[in-house]
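Notes for the structure review
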Amino acid sequence: MNPAPYVGRFAPSPTGPLHFGSLVAAVASFLDARAVGGRWLVRMEDLDQPRSEPGAADTILRQLEAYGLHWDGAVIYQSQRDDAYAAALDALKARGAVYPCACTRSQLTQAPHNHEGETIYPGTCRNGLPAGAIARSWRVRVPDVSTHFHDRIHGDLQQNLAHDVGDFIVKRADGLFAYQLAVVVDDAFQGITHVVRGADLLWNTPRQIYLQGLLALPTPVYAHVPLITNAAGQKLSKQTLAPALPETGRGAVLAQALAVLGHSPPADLAGAKPAELLAWAGAHWQIENVPLRPAIANAAP
């Protein structure tokens, strides 16, 4: 039986323009697909409309093209897929896998936190809403068993969702569908076989695998590339004021991104343009060479 053709994706949130950290993730997912002749799709994760910045999605697409990262097919937008997420939630309701929750953030301030700093839900509404309480969100019930998965960079990992996360939200109190549900539905819809993304999403993977099982959806192969941090050790993001990718010297910036990923271009490509650098990198790409942490210090330009 032949394996499914490779289909990868880059799924940025349009909360601002791409920065160096997002370029590293985009380059890794692009090369992992192209190195085996696979397809590379782009999905805008604009589910959280209040956080989306007007015009950012178009800016991101222009940046990808400027850096030689050309995608296949049409770009899909999560903000246009509520019907698909609602159908998935209905399927979870039908099998009794989810329940309404009345808890507010302030009510959960005393709950324990996991190593990612996330609140571990204590199960307050698991057996029914407290008297007089009004449902605000929907949570999925998680079992007290470990979810095992293999990451192509981090190796074999496991997490007990009950102990480390608790019952997690699939529809938020503001009426928006949660990232965990949307990403699972969209990966299946787009036929994604391989997910290459930043290590900040590593411990989202067990939640997504659990939802895939509940919804009878395929589980992609996962790889999580190193995060890029600023001088203060913070992940590059809009919140940490990460600068947008420069519009000049793109070849040098791309070469630096490749070096972070353990694929430093040879000296004879110094000064090369993005297309030439990506052609070399695609021919030499080995995800086994991507380090757990950035291969160079102070990687952000």
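Residues numbered from 1 in each chain as written. Predicted model: local features only at pLDDT ≥ 70, side-chain atom pairs only at ≥ 80, totals over all residues. Heavy atoms only, no water.

1. Observations concerning the sheet that holds strand β8 (residues 168-171)
Judged by pairing direction, the sheet is antiparallel, and its 3 strands sit side by side in the order β4-β5-β8 without closing on themselves. Whereas interior strands pair on both sides, the edge strands pair on one side only; in this sheet they are β4 (98-101) and β8. Taking the axes of each pair of neighbouring strands and ignoring which way they run, one obtains an average angle of 45° across the sheet. The sheet contact formed by β4 and strand β5 (residues 137-140) spans 4 bridges and is antiparallel. Bridge pairing links V98 to V140 in β5. Helix-sheet contacts for helix α3 (residues 82-94) involve β4, β5 and β8, and the interaxial angle to β4 is about 105°. (Pairing = 2+ DSSP bridges. Helix = DSSP H or I, 4+ residues; strand = E, 2+ residues; numbered from the N terminus. Axes fitted to C-alpha atoms, helices over the stretch in contact; angles between N-to-C directions. Contact = heavy atoms within 4.5 Å.)

2. Describing the packing of aromatic side chains
Each aromatic ring pair is described using two quantities: the centre-to-centre distance and the angle formed by the ring planes. According to the stated counting rule, one finds 4 aromatic pairs in the structure shown. With a centroid separation of 6.3 Å and an interplanar angle of 15°, the aromatic rings of F10 and W40 are classed as stacked. Pair noted here: F10 is in strand β1 (residues 7-10) and W40 is in strand β2 (residues 39-44), with a separation of 30 residues, a long-range link. Using a relative accessible area of 7% as the deciding quantity, one classes F10 as buried. A centroid spacing of 6.1 Å and a plane angle of 85° characterise the contact between F149 and W203, whose relative ring orientation is edge-to-face. In this pair, F149 is assigned in strand β6 (residues 146-151) and W203 in the loop between β9 (194-198) and α6 (205-214), connecting sequence segments 54 residues apart. What makes W203 buried here is its relative accessible area of 17%. Clustering of aromatic rings is evident, with ring pairs tying together F10, F30 and W40. (Phe/Tyr/Trp six-rings, centres within 6.5 Å; stacked < 30°, edge-to-face > 60°. Buried < 20%, exposed > 50% of the residue type's maximum accessible area, 1.4 Å probe, protein only.)

3. Comments concerning the packing of helix α7 (residues 250-260) against helix α8 (residues 274-284)
Relative orientation of the contacting elements α7 and α8 amounts to 20°, with a least axis distance of 9 Å. Overall, the two elements α7 and α8 adopt an arrangement that is roughly parallel. Considering how the two elements wind past one another, α7 and α8 form a crossing that is right-handed. Between α7 and α8, the residues in contact are R250, G251, L254, A255 and L258 and P274, L277, L278 and A281, respectively. (Parallel < 35°, antiparallel > 145°, perpendicular 65-115°, else oblique. Left-handed = near helix turned anticlockwise from the far one by under 90°.)

4. Things to note about the side chain of Q190
Relative to the assigned elements, Q190 resides in the loop between α5 (179-189) and β9. Its relative accessible area of 11% is what places Q190 among the buried residues. Once you skip the residues sitting within four places of it in the chain, Q190 turns out to touch V7, L41, V42, R43 and I76.

5. Here's the deal with the pattern of salt bridges
A full pass over the atoms with the stated rule returns 11 salt bridges. The shortest N-O distance in the salt bridge between R43 and D187 comes to 2.9 Å. With R43 in strand β2 and D187 in helix α5, the pair connects residues that are 144 residues apart, well separated along the chain. Residue R43 shares its accessibility class with D187, and that shared class is buried. Across the salt bridge formed by R81 and D186, the nearest N and O atoms sit 2.6 Å from each other. With R81 in the loop between β3 (76-77) and α3 and D186 in helix α5, the pair connects residues that are 105 residues apart, well separated along the chain. One connected set of salt bridges, linked through shared partners, spans R9, R43, E45, R81, D186 and D187. (Salt bridge = Lys/Arg side-chain N within 4 Å of Asp/Glu carboxyl O.)

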